[in-house]
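Structure assessment
For reference, the chains in residue letters:
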Amino acid sequence: MIRHLFKYSFRALARQKSYVAINIIGLTISLVCSMIIALFIIDELSYDQYNENKDRIYRVILNGKMGGQEVTVTSTASPIGPTMLNEFPEVESFLRMNGWGETILKYDGKYFTEKRFIEVDSTFFDFFSIPLLRGNSKTVLNEKRNLVLSESTALKIFGNIDPMNKLIQIGNDTTFHRVTGIMEDIPDNTHFQASALGSFMTNPRSGDGRWLSNSFSTYVMLKPGSSPESANARFIPMIEKYVGPVVTKYFGISLEEFLSQGNKYNMYLQKLTNIHLDPSIEQEFKAANDPRYLWIFGSIAVLIMIIAAVNFMNLSTALAAKRAKEVGIKKVSGSSKNMLVVQFLVETMLLAFFALIAAVVITEITLPYFNNVLNINLKLALFKVWYTIPALLILSGFIGLLAGAYPAFYLSSFSPYMVLKGRLRSGRRQGQLRSALVVLQFSISIVLIIGTMIMFRQLNYMQDKDPGFKKEQIMVISEAHAIGKKLNSFKEELKKISGVISVSSSTAIPGHNNNNNGYRIKGRVNESFLLQTCWADFDFFETYRMEIVSGRYFDPSMGTDTAACIINESAVKSYTLTDPFATRFLVSDDEPEEIQMPVIGVVKDFHHESLRSPISPYIFRFKNEEVNWGFISLRLSENYPNTVVEDIENAWSSFAAGSPMQSFFLDKDFERMYREEEQNAQLSIIFTILGIVIAALGLYGLTSFTVVQRTKEIGVRKAFGATVGNIWYLIAREIVILVIISSAIAVPLSWMVADNWLQNFHYRITLQVPDFLYGIMLAITIALLTISYRAIKTARANPTESLRYE
């Protein structure tokens, strides 16, 4: 019976080549979209899932607020981990991590730039299930200057030489580090990346007892059965015991008074597997992704599947008259309604299966492109895990069932008497249903079009908005500490290079903050204030072309400016500084006496972070040559010579003792902050185009069958003098009306979705009528272009042939 069922199904499909082609193309595209989006979502959800103890590992998060400025960060103080181990009965172990960023490794006179060097405690391999290829996980990092390299880094540095116990220099440290282990490359789906691990105990601050010096990421592993809520409850007593005295020392008030003023200082545990999808926390390592995008793309996949299913329903019901006689004969021959339902569903499942095969091939071919767009490494891996192929078959079956259920029951319901007497007509109700399905298709398409256009407009707004400084033609050299105390001499050498206009050094630059410090203001007792801090030299503001709104910049002719500060407009507004130039900021900097810093200038607000965040209070302090870490920024002329970068590298080589120069252009680096939005916008437009293609295919097929049904009517109209334009208008009018109805449904839905998405950005576009009007016009244009070829071809046919039809 099953064999006969498949035979009849194949024969039925073979007789409907156009119908089969349109549906297979539509189903294939929807399956490709669904598979790629599913792979993307699975990849995002799989972060850190490979760790054996993932359910017991948590990261310590610091939530602080001073002077109205609140931060939630992964940066914590060095003694927190050891203290939790000693005083929290729930804690089994702790791990501290300190990311260095780009670092130079030197071996045998050669230099290697590693972008991901991290100092970690010896417990690292207890927390993260990364296999060690060489070395003992318990001892590889239990001594100062021990070093573990990733497999690819070891191969790059040593080639075929055995790397174990080889000595390597790191950064400017003249003391050698010993290679004690080789690990597998850390998986991409980890919330951090590291190509080399150094022993945390090498860091002079590993034994630091300062509780307000928050610089490291701290992780804890809870004992089996322990509750994170129970551990969270112990943070308050710990803070009172250790942070309270420090607050009293620096701010002159008790911790209770500090908190009663609306300030905050608290900690809590974040589960390891939640890290990657929590953008509310400022990350030290990889930036977290917004989980709302998973919902957005998951919804897009479902909507595209609905469009493909609607195509199938529409075309199946439109072809009902052609298959009516087949249904009638089979019923007379003894086939029950259930048998016919099964046959029609099998036909649909076969189409979905053929589409699945095509989709798998296309997905494998196109995945490298999507990986490049998304900057990830998706793999279909059909045979890597047992459930992949069953999942694909279930997905194919679901789409087949979704698309074929209604047509199967509709076609199998025909009365054999009415069919064989030739009295079956395409009723008004079926026409209304097809119209409703077209409205549903185009409502979804218009939502996708409008959403994508708004996403791109917001992205362009962020990229084009004036950041408050001139970011073009700025070349930035990182790792300024390689110059040591010869920084001023190096700057003077750079200024001699043709094409270099100005040179400055600073500990931070826009897009790369480094310190969020607490200050007091003289005369404002029992108050504390939080400001992003940058130590900058005399030339910084000239290099970045920042606008001073009152006061002045640091002036080398004013000896007192080395003890002064410059703040931004946000600091003036947030802290109600009615007379900024009478303000003295107070800070201890671990000195015996407080430093008093008079304000000498106020700069116009500038974006030192992404436009997702508001501009926070910012303070510039003078950077002398003793502060030799951070960045060196060079402003180049607009038409700088082609040799300028080479000349800068030559100057660097003469000062940096062979250490390779690491540099970037600020405008390109600034785009990094919006990479997630750019990737998601590109992905949205790809899937929107594919969704429109499916809808257009269905509309074309439906128009073709509708025109065939109206062939005689069109012939009569032409015989009575109707022009090609009249016939085109007759067919196009119905479609335009349906698209307008779709627009009335899609616009409010689009507005709600777009408005909700835009709330992610502090600086955002305002939704305007053209955002929606352009989407509607594009949908109407696509619909008219889709039907025009078929409509015009029919309208130009000889009316004599049309009247002979049937």
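Residues numbered from 1 in each chain as written. Predicted model: local features only at pLDDT ≥ 70, side-chain atom pairs only at ≥ 80, totals over all residues. Heavy atoms only, no water.

**Regarding the overall build of the protein**
Put simply, the rule is: Only runs of H or I of at least four residues qualify as helices and only runs of E of at least two qualify as strands under DSSP, and these elements are numbered from the N terminus. Contact between two residues is taken to exist if any of their heavy atoms lie within 4.5 Å; hydrogens are not considered. For accessible areas, the Shrake-Rupley method is used with a probe of radius 1.4 Å. Any residue's cover is judged against the shown protein chains and nothing else.
For the protein, the count of helices and strands is 24 helices and 23 strands. The contacts in the protein between residues at least 6 apart in sequence include a share of 80% that link residues at least 24 apart. A total accessible area of about 36300 Å² is found for the protein, and carbon and sulfur atoms account for 57% of it.

**A few points about a nonpolar patch on the surface**
We count it as follows: What makes a patch is a set of residues exposed beyond 30% relative accessible area and free of salt bridges, joined within 9 Å when like-charged and within 5 Å when nonpolar (Val, Leu, Ile, Met, Phe, Trp, Tyr). Should a side-chain nitrogen of Lys or Arg be within 4 Å of a carboxyl oxygen of Asp or Glu, the pair is scored as a salt bridge. Partly exposed residues are those whose accessible area sits between 20% and 50% of the maximum for their type, while under 20% is buried and over 50% is exposed, using a 1.4 Å probe and protein chains only.
A cluster of nonpolar side chains, F353, I357, V361, I365, F383, I389 and L393, forms an exposed patch at the surface whose accessible area comes to about 700 Å². Elements with a minimum of two residues in the nonpolar patch: α11 (337–374) and α12 (388–411). In terms of residue count, α11 provides more of the nonpolar patch than any other element does, four residues in total. Of the residues examined, V361 reaches a relative accessible area of 47% and is grouped as partly exposed.

**A word on the pairing of strand β20 (residues 595–603)**
Counted only if it meets this: Two strands form a pair only when DSSP identifies at least two bridges running between them.
Here strand β17 (residues 548–551) pairs with β20 via three bridges, running antiparallel. Residue pairing for β20: S550 is matched across the bridge by V602. The pairing of strand β18 (residues 565–568) with β20 spans four bridges and is classified as parallel. The residue bridging C565 from the neighbouring strand is V599, located in β20.

**A closer look at unusual backbone geometry**
A positive phi is found at D48, a non-glycine position, where the angle reads about 65 degrees. One can find D48 in the loop between α2 (17–45) and β1 (57–66). With a phi angle near 70 degrees, N165 is a residue other than glycine that sits in the positive phi range. Looking at the secondary structure, you find N165 in the loop between α5 (151–158) and β8 (167–170). Looking at N165, the relative accessible area reads 48%, which means it is partly exposed.

**As for the packing of helix α15 (residues 487–495) against helix α18 (residues 644–655)**
This is how it is decided: Comment: axis = line fitted to C-alpha atoms, over the contacting stretch for helices; angle = value between 0 and 180 degrees taken between N-to-C directions. Roughly parallel means an angle under 35 degrees; roughly antiparallel means over 145; roughly perpendicular covers 65 to 115; every other angle is labelled oblique. Handedness of a crossing follows from how the near helix is turned relative to the far one, being left-handed for an anticlockwise turn of less than a right angle and right-handed for a clockwise one. All amino acids are sorted into three groups, where Ala, Val, Leu, Ile, Met, Phe, Trp, Tyr, Cys and Pro are nonpolar, Asp, Glu, Lys and Arg are charged, and the leftover types, Gly among them, are polar.
Running from N to C, α15 and α18 cross one another at 155 degrees; their axes reach a closest spacing of 10 Å. Taken together, α15 and α18 sit at an angle that is classed as roughly antiparallel. Remark: the crossing between α15 and α18 carries right-handed chirality. Where α15 approaches α18, its residues S489, F490, E493 and L494 are matched on the opposing element by I648, A651, W652 and F655. Classifying every residue of the contact of α15 with α18 gives six nonpolar, one polar and one charged.

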